[in-house]
Amino acid sequence: MSDLLDLVIESHGGLDRWNRLTEITAHVAVGGMLWERKGHGGILADTHVTLDPHRQRLGYRPFGAPGRRSVFEALRTTIEDDAGVVLAERDDPRAAFAGHRPETPWDELHVAYFSGYAMWNYLTSPFLFTRPGFGVEEIEPWSEDRQAWRRLRVEYPDDIATHSRVQEFYFDGSGLLRRHDYAADVLGGAPAAHLTDEHRTVDGIAFPTRRRVFRRGPDGQVVPGSALVAIDVLDISVR
């Protein structure tokens, strides 16, 4: 690992502690302009997420209405009732985004896939970068509010469902994640800057609990305006 990645992993709790985890659960409030634009405002406004930190599987409960839940996996997404009866399903869910633009409406399975892979990536980074197949390099620092944030450019392997194959992560002097840049393929490649703060340490692992996603301009600066996505982690636990 690079010296920056070493610092980042230790600052977020260390790989030994992470590797002992078997499950992460969180109470989250997810909002922002994106969901209204896609025709699903409020669908994740007050919900709970459960995920496997070591393989891509995540569920929201409730999902859209009481008595329903979503189950995301990279190659299959379902919506089920609380008894596990499948109400809707889609194999190869990423293919359903072909040709999508930021304004393209979504059905509920689109929401389940996007919100599933996104939250799984958010809650498993930066430990995710230590897995086989990832390419990680430190690039030039970024100046933000008179601070120099060190940056990692991360190349993802093809078997991980994520926003885009190459993403950039910004870390403050203590090694905590402060910003995450990407251009989500399923949204037509629109550039985004994802700001993170209010870190909380839970059983040794540090998580940002406030996330805001904004448009990113050609100069790399955040474009002022309302957040495209807003995530507040109200409570989180690991085991």
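Everything below is about the structure shown above.
Residues numbered from 1 in each chain as written. Predicted model: local features only at pLDDT ≥ 70, side-chain atom pairs only at ≥ 80, totals over all residues. Heavy atoms only, no water.

As for the overall build of the chain
Logical step 1: Looking only at helices and strands, the chain has four helices and 13 strands in total.
Logical step 2: In terms of C-alpha radius of gyration, the chain reaches 17 Å, essentially the compact-globule figure of 18 Å for 239 residues.
Logical step 3: Oriented by its inertia axes, the alpha-carbon framework of the chain measures out at about 50 × 40 × 30 Å.
Logical step 4: Within the chain, the proportion of its 239 residues that are buried is 49%.
Logical step 5: A separation of at least 24 residues holds for 47% of the contacts in the chain among residues at least 6 apart in sequence. (Helix = DSSP H or I, 4+ residues; strand = E, 2+ residues; numbered from the N terminus. Rg over C-alpha atoms; globule rule 2.2 N^0.38 Å. Buried < 20%, exposed > 50% of the residue type's maximum accessible area, 1.4 Å probe, protein only. Contact = heavy atoms within 4.5 Å.)

A word on the side chain of Thr 162
Logical step 1: By the secondary structure assignment, Thr 162 is in the loop between β8 (147-155) and β9 (166-171).
Logical step 2: A distance of 3.2 Å separates polar atoms of two side chains, one belonging to Thr 162 and the other to Asn 121.
Logical step 3: At 2.8 Å, the side chain of Thr 162 and the side chain of Gln 167 are in polar contact.
Logical step 4: The residues touching Thr 162, leaving out its near neighbours within four places in the chain, are Arg 94, Tyr 117, Asn 121, Tyr 156 and Gln 167. (Polar contact = N/O pair within 3.5 Å; in protein donor to acceptor, adjacent residues only side chain to side chain.)

Topic: the packing of aromatic side chains
Logical step 1: Applying the stated criterion across every chain, the model contains 13 aromatic pairs.
Logical step 2: Centre to centre, the rings of Phe 97 and Trp 106 are 5.6 Å apart; their planes meet at 90°, and the pair counts as edge-to-face. Neither residue differs from the other here; Phe 97 and Trp 106 are each classed as buried.
Logical step 3: Ring geometry for Phe 129 versus Phe 134: centroids 6.4 Å apart, planes at 45°, classification tilted. Comparing Phe 129 with Phe 134, the two get one shared label, buried.
Logical step 4: Among the aromatic side chains, those forming a connected cluster through ring pairs are Trp 35, Phe 72, Phe 97, Trp 106, Tyr 113, Phe 114 and Tyr 117.
Logical step 5: When the ring centre of Tyr 117 is taken as origin, the NZ or CZ atom of Arg 94, which lies over that ring, is 5.4 Å away.
Logical step 6: Sitting over the face of the ring of Trp 142, Arg 179 holds its NZ or CZ atom 5.0 Å from the ring centroid. (Phe/Tyr/Trp six-rings, centres within 6.5 Å; stacked < 30°, edge-to-face > 60°. Lys NZ or Arg CZ within 6 Å of the ring centre and 35° of its normal.)

Quick word on the environment of Thr 25
Logical step 1: Along the chain, Thr 25 turns up in strand β1 (residues 24-31).
Logical step 2: Not counting residues up to four positions away in its chain, the partners in contact with Thr 25 are Val 49, Thr 50, Asp 235, Ile 236 and Ser 237.
Logical step 3: In this structure the side chain of Thr 25 is engaged in a polar contact, spanning 2.6 Å, whose partner is the side chain of Ser 237.

Things to note about helix α1 (residues 3-11)
Logical step 1: Burial in α1 covers these residues: Leu 4, Leu 5, Val 8 and Ile 9. Take α1 and look down its axis: the buried residues cluster within an arc of 130°, on one side only. Pointing more than 90 degrees away from the buried face of α1 are the exposed residues Asp 3 and Glu 10.
Logical step 2: Buried positions along α1 lie against α2 (15-19), β7 (135-144), β8 and β9.
Logical step 3: Where α1 terminates, the next one or two residues include Gly 13, which has phi positive at roughly 130°. (Arc of directions from axis to C-beta.)

Describing unusual backbone geometry
Logical step 1: With an omega of 0°, the peptide bond between Arg 61 and Pro 62 qualifies as cis.
Logical step 2: A cis amide bond links Ser 125 with the next residue in sequence, Pro 126, at an omega value of 10°.
Logical step 3: Tracing the chain through its elements places Pro 126 in the loop between α4 (108-124) and β7.
Logical step 4: The backbone of Asp 92 shows a phi angle near 45°, a positive value even though the residue is not glycine.

Observations concerning α4
Logical step 1: Here α4 spans 24 Å end to end across 17 residues, near enough to the 24 Å set by a 1.5 Å rise per residue.
Logical step 2: With 16 of 17 residues buried, α4 is to be regarded as a mostly interior element.
Logical step 3: Structurally, the start of α4 carries an N-cap: the backbone nitrogen of Leu 109 is 3.0 Å from a side-chain oxygen of Asp 107. (Expected span 1.5 Å × (residues − 1).)

Quick notes on the nonpolar core
Logical step 1: Formed by 60 residues in total, the largest nonpolar core has its most connected members in Trp 35, Phe 114 and Met 119.
Logical step 2: In terms of residue count, α4 provides more of this core than any other element does, 11 residues in total.
Logical step 3: For Trp 35, the residues in contact, after removing those within four places along its chain, are Val 30, His 40, Gly 41, Leu 44, Trp 106, Val 111, Phe 114, Ser 115 and Val 229. (Core = buried A, V, L, I, M, F, W, Y, C linked by side-chain atoms within 4.5 Å.)

Quick notes on the pairing of β8
Logical step 1: Sheet analysis places β7 next to β8, joined by eight bridges and oriented antiparallel. Paired with Ser 143 across the bridge in β8 is Ala 148.
Logical step 2: Taking the residues between adjacent antiparallel strands as the criterion, β7 and β8 are bridged by two residues, where Asp 145 takes a positive phi near 50°.
Logical step 3: As judged from the six bridges shared by β8 and β9, these two strands associate in the antiparallel manner. Note that in β9 the partner of Leu 152 across the bridge is Phe 169. (Pairing = 2+ DSSP bridges.)

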